[in-house]
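Here is how the chains run, residue by residue.
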Amino acid sequence: MNADDTYRHNVDRNVSAARQVHTITDRFSMANTYLIDDGQFIIVDPGSDLNVRKLSDYLPRFLHRSLADIDLIVLTHLHPDHTAGVGALRQLCSAPVAASAVVYQLQQVLEQGKLIPPLLAQLTEQLRPGPLRYFDIFPPFYERQMKLVDLWLTDVDGLPGHPSWRVIASPGHTPESLCLYNPFTYELLCGDTVITVQGGAPLLRSGTNRQRLEETLQVLRSLNVHYLYPGHGRPILGLHPLNNVDVEW
Ligand SMILES: [Zn+2]
């Protein structure tokens, strides 16, 4: 049975495959770190050195595996509270770090001081209502952080080596924000695109481009999600958690 057949089979029976996401965080964590176990391990948002220490305890203690089994590190976006632990984690494993290709494209624009023609239409739309807003939300420290990244991810593609996990571009909180979605387990890791620090209710984070945010919300609502894992706050387990999301305009 190939992946598409498996998907149809699960949809027909309305039965999902076993959950794959583990939450690696504690009450002192600035942001949530997640571990995906699909046989190998993907770490999503290493967060801080504290989260990396918790991860290096968790793997041997609860999964009886080692940090060497980490196959990939994914950054949902490049804000420091999600990326600060990358250095510590890379001292413990040799997995490549992946982030949205939008970072690379935007950095090219900044370096060259002009818009590259193929990007022009996309960025013109992103920049509305004015170019200065775009630069406000893309501060210079991204230049340093993008040096952490080995692999660039594009919308809708499967994660390298993990095709069940799809990249979902979710611009809004930042231009390069992405979510990871597994249509077989109905799990969605959503970084800071949606958080749950508001008393547990999902909150779509605001961005400077209202239209992009609306489009992101539509995309996320079109997914069949039973498990929502936000970058901040508690995961939500339940049918269609994004139906009643609040929007931070
Ligand atoms: Zn953020």
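Residues numbered from 1 in each chain as written. Predicted model: local features only at pLDDT ≥ 70, side-chain atom pairs only at ≥ 80, totals over all residues. Heavy atoms only, no water.

**Q** Help me get a handle on the pairing of strand β2 (residues 33-37), residues and values and all.
**A** Along any regular strand the residues' side chains alternate between the sheet's two faces. In terms of burial, β2 is largely enclosed, as four of its five residues are buried. Bridge analysis of strand β1 (residues 21-24) against β2 gives four bridges, and the strand direction is antiparallel. Looking across to β2, one finds that I24 is bridged to T33. For β2 and strand β3 (residues 41-44), the ladder comprises four bridges, and the chain directions are antiparallel. (Buried < 20%, exposed > 50% of the residue type's maximum accessible area, 1.4 Å probe, protein only. Helix = DSSP H or I, 4+ residues; strand = E, 2+ residues; numbered from the N terminus. Pairing = 2+ DSSP bridges.)

**Q** Before we move on, can you summarise unusual backbone geometry with the specific residues and values?
**A** The phi dihedral of V156 falls on the positive side, at around 80°, and the residue is not glycine. For V156, the location among the structural elements is in the loop between β6 (151-153) and β7 (158-159). Its relative accessible area of 58% is what places V156 among the exposed residues. Of note, Y186 is a non-glycine position whose phi angle comes to about 65°, a positive value. With respect to the helices and strands, the residue Y186 is situated in the loop between β9 (178-182) and β10 (187-189).

**Q** Can you lay out the coordination of the zinc ion for me, pointing to particular residues and giving the numbers?
**A** Each protein donor to the zinc ion is listed here as H77 (NE2), H79 (ND1), H173 (NE2) and D192 (OD); together their distances run 2.2 to 2.3 Å. Here the zinc ion is ringed by four donor atoms whose angles at the metal span 90 to 165°, and the overall shape comes out irregular. Read in sequence order, the donor residues for the zinc ion give the motif H-x1-H-x93-H-x18-D. Of this pair, H77 sits in the loop between β4 (70-74) and α3 (80-83) while D192 is found in the loop between β10 and β11 (194-198), placing the two residues 115 residues apart along the sequence. (Donors = N, O, S within 2.8 Å, 3.2 Å for Na, K, Ca; no water. Tetrahedral: all angles 85-135°; square planar, octahedral: opposite > 155°, others 65-115°.)

**Q** Which residues make up the packing of aromatic side chains, and what are the values?
**A** By the definition in use, this model includes three aromatic pairs. Centroid distance Y58 to F62: 5.0 Å. Interplanar angle 45°. Geometry classified as tilted. Separated by four residues within a single helix, Y58 and F62 lie in helix α2 (residues 49-62), roughly one turn from each other. (Phe/Tyr/Trp six-rings, centres within 6.5 Å; stacked < 30°, edge-to-face > 60°.)

**Q** Residue-level account of the state of the cysteines, with values.
**A** By definition, a disulfide links the sulfur atoms of two cysteine residues through a covalent bond. Inspection of every chain in the model, using the stated rule, returns zero disulfides. Looking at the unpaired C179, the closest cysteine sulfur is the one in C190, lying at 5.5 Å. (Disulfide = S-S within 2.5 Å.)

**Q** Lay out the sheet that holds β3 in plain terms, naming residues and giving numbers.
**A** The six strands lie next to each other as β1-β2-β3-β4-β5-β6, forming an open sheet whose pairing is mixed. Whereas interior strands pair on both sides, the edge strands pair on one side only; in this sheet they are β1 and β6. The average angle at which neighbouring strand axes cross in this sheet is 25°, direction not considered. Note that β3 and β4 share four bridges and pair parallel. Each residue of the ladder has a partner; that of F41, found in β4, is I70. Sheet strands in contact with α2 are β1, β2, β3 and β4, and its direction is about 130° off that of β1. Along the sheet, helix α5 (residues 101-112) makes contact with β5 (97-100) and β6, crossing β5 at roughly 70°. (Axes fitted to C-alpha atoms, helices over the stretch in contact; angles between N-to-C directions. Contact = heavy atoms within 4.5 Å.)

**Q** So what about the side chain of H77? Which residues, and what values?
**A** Taking the relative accessible area as the measure of exposure, H77 reaches 1% and is therefore buried. Of note is the side chain of H77, whose polar atom sits 3.3 Å from the side chain of H79. Sequence-distant contacts of H77, defined by excluding residues within four places in its chain, comprise D45, H82, T83, H173, T174, E176, S177 and D192. (Polar contact = N/O pair within 3.5 Å; in protein donor to acceptor, adjacent residues only side chain to side chain.)

**Q** I'd love a proper account of the sheet that holds β7, names of residues and values included.
**A** To summarise the sheet geometry, strands pair through backbone hydrogen bonds and adopt either a parallel or an antiparallel arrangement. Taken in spatial order, the six strands make up an open sheet running β7-β8-β9-β10-β13-β14, and their pairing is mixed. Since the sheet does not close on itself, it has two edges, and those belong to β7 and β14 (236-237), each with one partner. Across three bridges, β9 lies against β10 in antiparallel orientation. Directly across from L180, in β10, lies its bridge partner L189.

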